[in-house]
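Here's the letter readout for the chains.
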2 protein chains.
Amino acid sequence: MFEYPWTSLMKLLDEIADIGRDPVSGGYVRYAWTEPELALRDWFRDQATQRGLALEDDGNGNIFAWWGSGPDAVLTGSHLDSVPHGGAYDGPLGVVSALLAIDELRQRGVKPAKPIGIAVFAEEEGSRFGLACLGSRLLTGAVAPDQVDLQGVFEPVGRRQDILDRIGCFVELHIEQGRALQRPVGVASAIWPHGRWRLDFAGEPNHAGTTQMGDRRDPMLTFAFTVLAANKEARLRHAHATIGRVQVAPNATNAIPSSVRAWLDARAPSPEIVDELVEALRAKASERASRDGTTVTMTAESITPAIEFHIGLRDRLARLLDAPILPTGAGHDAGVLSAYVPTAMLFVRNPTGVSHSPLEYAADEDCEAGVTALADVLQDLTC
Amino acid sequence: MFEYPWTSLMKLLDEIADIGRDPVSGGYVRYAWTEPELALRDWFRDQATQRGLALEDDGNGNIFAWWGSGPDAVLTGSHLDSVPHGGAYDGPLGVVSALLAIDELRQRGVKPAKPIGIAVFAEEEGSRFGLACLGSRLLTGAVAPDQVDLQGVFEPVGRRQDILDRIGCFVELHIEQGRALQRPVGVASAIWPHGRWRLDFAGEPNHAGTTQMGDRRDPMLTFAFTVLAANKEARLRHAHATIGRVQVAPNATNAIPSSVRAWLDARAPSPEIVDELVEALRAKASERASRDGTTVTMTAESITPAIEFHIGLRDRLARLLDAPILPTGAGHDAGVLSAYVPTAMLFVRNPTGVSHSPLEYAADEDCEAGVTALADVLQDLTC
């Protein structure tokens with residue numbers, strides 16, 4: 001019988017708990033191809049080797065560890081990189097759970113009829129080079145190597161049709177990132193459509209001390225109004241709108257700004273609602289700008305359509321696990337893969353809903369329920 | 001009779017119009033002890049020498065050009081440095097007008113009974129080292145050399161009591177920085193009290209895509225509300241409030257911020273009104289923070305009391321010129337000098353009120369009226 005190298009999921013997560021952790025924030029700073037992320041790759045390769053899995057690099061920064069070989073493989077896994085000062089679970093939980101699910105299948109004495117693979121995808125968060133799901137996009141050809149600038153850090157080979165041809169389906173386990181899941185494990189239905197818009201507010205630079213309030217054309221006022229309006233318009237539509245990034249010029253205490261640039265992140269259950277939200281905000285911001293003597297323009301920088309996961313696979317997993325089905329507002333490698341292979345996602349409950357933060361948290365028993373669920377799914381799909 | 005080196009004020013301003021001008025913004029970038037500002041000093045020394053004035057460096061970065069010597073001097077002048085992308089008049093107009101006022105006195109055949117000096121004060125805007133009126137503060141001892149960090153660029157000698165002892169009074173001519181002056185020339189009554197407060201908004205970092213609106217503790221919302229409240233509270237009190245500087249963490253498009261830091265610049269006719277404004281804003285911001293699930297703290301970084309210029313001198317100039325008396329919201333070297341010698345200011349009309357901007361503007365005929373007024377004042381005070 002297989003010897004467990006670890007006695008519990010928590011022990012495996014603890015093993016990497018100090019890698020890339022910021023001592024001040026308590027959060028993780030694990031950007032792709034930096035020292036902490038390379039240490040995590042070494043740790044993963046060592047774990048895979050201990051389990052007798054065959055390692056394969058795809059030339060795009062992604063690592064695969066295979067139990068068995070051949071076509072029609074069932075792939076699982078997630079990513080090890082983080083947002084700036086992110087939490088312990090986003091990404092690593094999917095990788096650790098995959099390792100432990102294989103342990104559990106072996107303990108159960110399962111002999112899978114199909115290969116099982118664990119993927120570690122590179123730069124899922126886009127924290128280093130600005131493009132989320134970089135590794136899975138390169139693997140699938142969703143982006144070509146000449147469309148990305150990795151600043152000489154890495155030279156990707158691009159689409160690997162031979163690997164895609166061997167994947168029968170992909171199931172990613174991930175911590176849920178809101179508070180929508182009331183039970184330990186759920187199954188994803190879809191990823192909300194979302195987009196980013198750049199907002200450029202322009203006014204008239206002037207002296208903060210001497211310019212009468214009525215003579216001002218202050219773009220900071222139009223910006224501030226737009227922040228509050230975005231929040232209100234999102235609440236009205238049960239959508240999500242965030243303005244979290246701002247650049248002010250000249251950004252001096254005693255100067256009325258000449259310009260404020262900000263970015264809107266908007267997501268909703270349907271693209272129609274995203275459009276409605278953005279158009280309502282555009283109208284309100286423009287009306288306010290005319291009162292402030294300023295101007296505002298909104299420019300779409302990226303619009304990602306809704307992604308519906310494979311319905312047959314989704315329903316099979318939900319029935320197998322007796323688990324609820326729910327959508328998510330976040331992008332994932334599973335969202336990229338879903339255009340190429342049947343894909344599903346399992347979510348583990350997030351009791352606080354906190355994500356992309358050092359405060360991200362999942363209960364130990366829910367994480368363990370996630371491992372069992374993933375083992376059940378892998379067994380069901382390979383036997 | 002004296003030979004004019006220049007035929008008009010505009011020609012003299014034109015001579016320096018290309019020094020330190022940013023070709024994109026059209027504004028001036030003339031920071032103390034940088035190449036453009038050093039070129040302006042050379043230009044001033046050359047102008048003074050052409051007029052037979054005696055140059056004196058005070059060891060604090062300030063330059064004096066003297067017509068005559070001895071005690072009870074009447075000092076005029078201003079500064080040549082700029083804010084980032086500032087206008088052509090703020091500072092240089094006072095220096096150019098001083099040179100031309102001496103030309104005009106000589107043309108009138110005036111033989112002053114007291115010395116007349118032109119001062120060029122260093123780093124008035126504080127754009128390079130962060131402390132406004134650096135040169136005049138060092139000259140007077142308002143700050144000591146060991147209280148400032150000039151990063152090795154310059155080693156000031158500090159208070160020059162011997163120079164202060166020779167100054168009977170100081171009159172600075174400056175472009176007005178609002179739209180309060182309806183005639184070509186006015187006389188300053190006072191500089192409004194003003195202060196800077198740091199505002200720290202703290203919330204909970206989270207995922208912009210997945211966090212439901214009702215679960216957020218978004219400090220950007222509290223910040224935006226506070227920007228609009230500062231504007232409203234200032235208007236109610238005929239005061240000035242500006243939030244022109246902002247820092248967001250982590251400042252990412254897909255992240256609800258963990259914190260927003262901003263700075264409030266507040267000025268009013270009296271310190272009581274400044275206090276009222278700040279306290280009203282503190283109450284409103286705190287109330288909003290409690291609704292947003294965030295926190296806000298306001299910390300005073302600097303508070304400058306009101307400066308009342310010398311009343312006798314002010315009234316003498318206003319009578320002589322039949323000019324209106326008005327306050328200003330801006331700091332000046334004259335504000336620093338006024339604590340040590342009788343000090344007054346002349347303002348030249350600013351028809352648009354624009355200041356600290358490439359769009360700053362004064363009409364040629366108003367600038368010429370300013371030279372005549374300054375010549376009248378120097379004649380009256382020295383004869």
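For the structure itself, consult the block above.
These remarks concern the structure in this document.

Procedures and definitions
- Residues numbered from 1 in each chain as written.
- Chains lettered and ligands numbered in written order.
- Predicted model: local features only at pLDDT ≥ 70, side-chain atom pairs only at ≥ 80, totals over all residues.
- Heavy atoms only, no water.
- Least-squares fit on C-alpha atoms with pLDDT ≥ 70 in both.
- Contact = heavy atoms within 4.5 Å.
- Helix = DSSP H or I, 4+ residues; strand = E, 2+ residues; numbered from the N terminus.
- Buried < 20%, exposed > 50% of the residue type's maximum accessible area, 1.4 Å probe, protein only.
- Core = buried A, V, L, I, M, F, W, Y, C linked by side-chain atoms within 4.5 Å.
- Patch = residues over 30% accessible without salt bridge, like charges linked within 9 Å, V, L, I, M, F, W, Y side chains within 5 Å.
- Areas by Shrake-Rupley, 256 points an atom, 1.4 Å probe, with all protein chains shown as cover.
- Salt bridge = Lys/Arg side-chain N within 4 Å of Asp/Glu carboxyl O.
- Lys, Arg positive; Asp, Glu negative; His and termini not counted.
- Charge placed at Lys NZ, Arg CZ, Asp CG, Glu CD.

With that out of the way, let us pick up the relation of the copies chain B and chain A. Superposition of chain B onto chain A requires a rotation of 180° combined with a translation of 0.0 Å along the rotation axis, giving an RMSD of 0.1 Å. What the superposition gives is, in effect, a two-fold axis relating one chain to the other. Among all residues of chain B, the one whose C-alpha sits closest to the rotation axis is Ala224 of chain B, at a distance of 2.1 Å. A share of 100% of the interface residues of chain B reappears at the interface of chain A, consistent with the copies meeting face to face through the same patch.

Here we take up unusual backbone geometry. Looking along the chain, the bond that leaves Ala249 of chain A and enters Pro250 of chain A is cis, with omega of 0°. Residue placement: Pro250 of chain A occurs in the loop between β9 (240-249) and β10 (255-256). Its identity is not glycine, yet Gln151 of chain B carries a phi of approximately 55°, on the positive side. The residue Gln151 of chain B is located in the loop between α4 (134-140) and α5 (161-166) in this model. Exposure remark for Gln151 of chain B: the relative accessible area of 56% places this residue in the exposed category. The backbone of His238 of chain B sits at a positive phi, close to 55°, despite the residue not being glycine. Relative to the assigned elements, His238 of chain B resides in the loop between α6 (219-236) and β9 (240-249).

What follows concerns the nonpolar core. Core analysis: the biggest nonpolar cluster contains 64 residues, and Phe223 and Leu264 of chain A together with Phe223 and Leu264 of chain B have the highest contact counts within it. Sequence-distant contacts of Leu264 of chain B, defined by excluding residues within four places in its chain, comprise Gly195, Arg196, Trp197, Leu199, Ala230, Ala241, Thr242, Ile243, Val278, Leu281 and Met298 of chain B. The next biggest cluster of nonpolar side chains, apart from the first, holds 53 residues, and it includes Val96, Ala101, Leu317 and Cys367 of chain A.

All names here are of chain A. A contiguous patch of negative charge, built from Asp14, Glu15, Asp18, Asp46, Asp364, Glu365 and Glu368, is present on the exposed surface. The set of elements that each furnish at least two residues to the negative patch consists of α1 (9-15) and α10 (364-382). Of the residues forming the negative patch, the biggest block, 3 residues, is contributed by α10. Tracing the backbone shows Glu368 in helix α10.

So, about the pattern of salt bridges. If you walk through the whole model with that rule in mind, you get 50 salt bridges over all chains. A salt bridge links Arg51 of chain B to Asp103 of chain B; the shortest N-O distance between them is 2.8 Å. Residue Arg51 of chain B is located in the loop between α2 (35-50) and β1 (54-57), and its partner Asp103 of chain B is located in helix α3 (residues 92-108); the two are separated by 52 residues in the primary sequence. Of the two residues, Arg51 of chain B and Asp103 of chain B, both sit in the buried class. Linked through salt bridges whose partners overlap, the residues forming this network are Arg198, Asp200, Arg261 and Glu301 of chain A.

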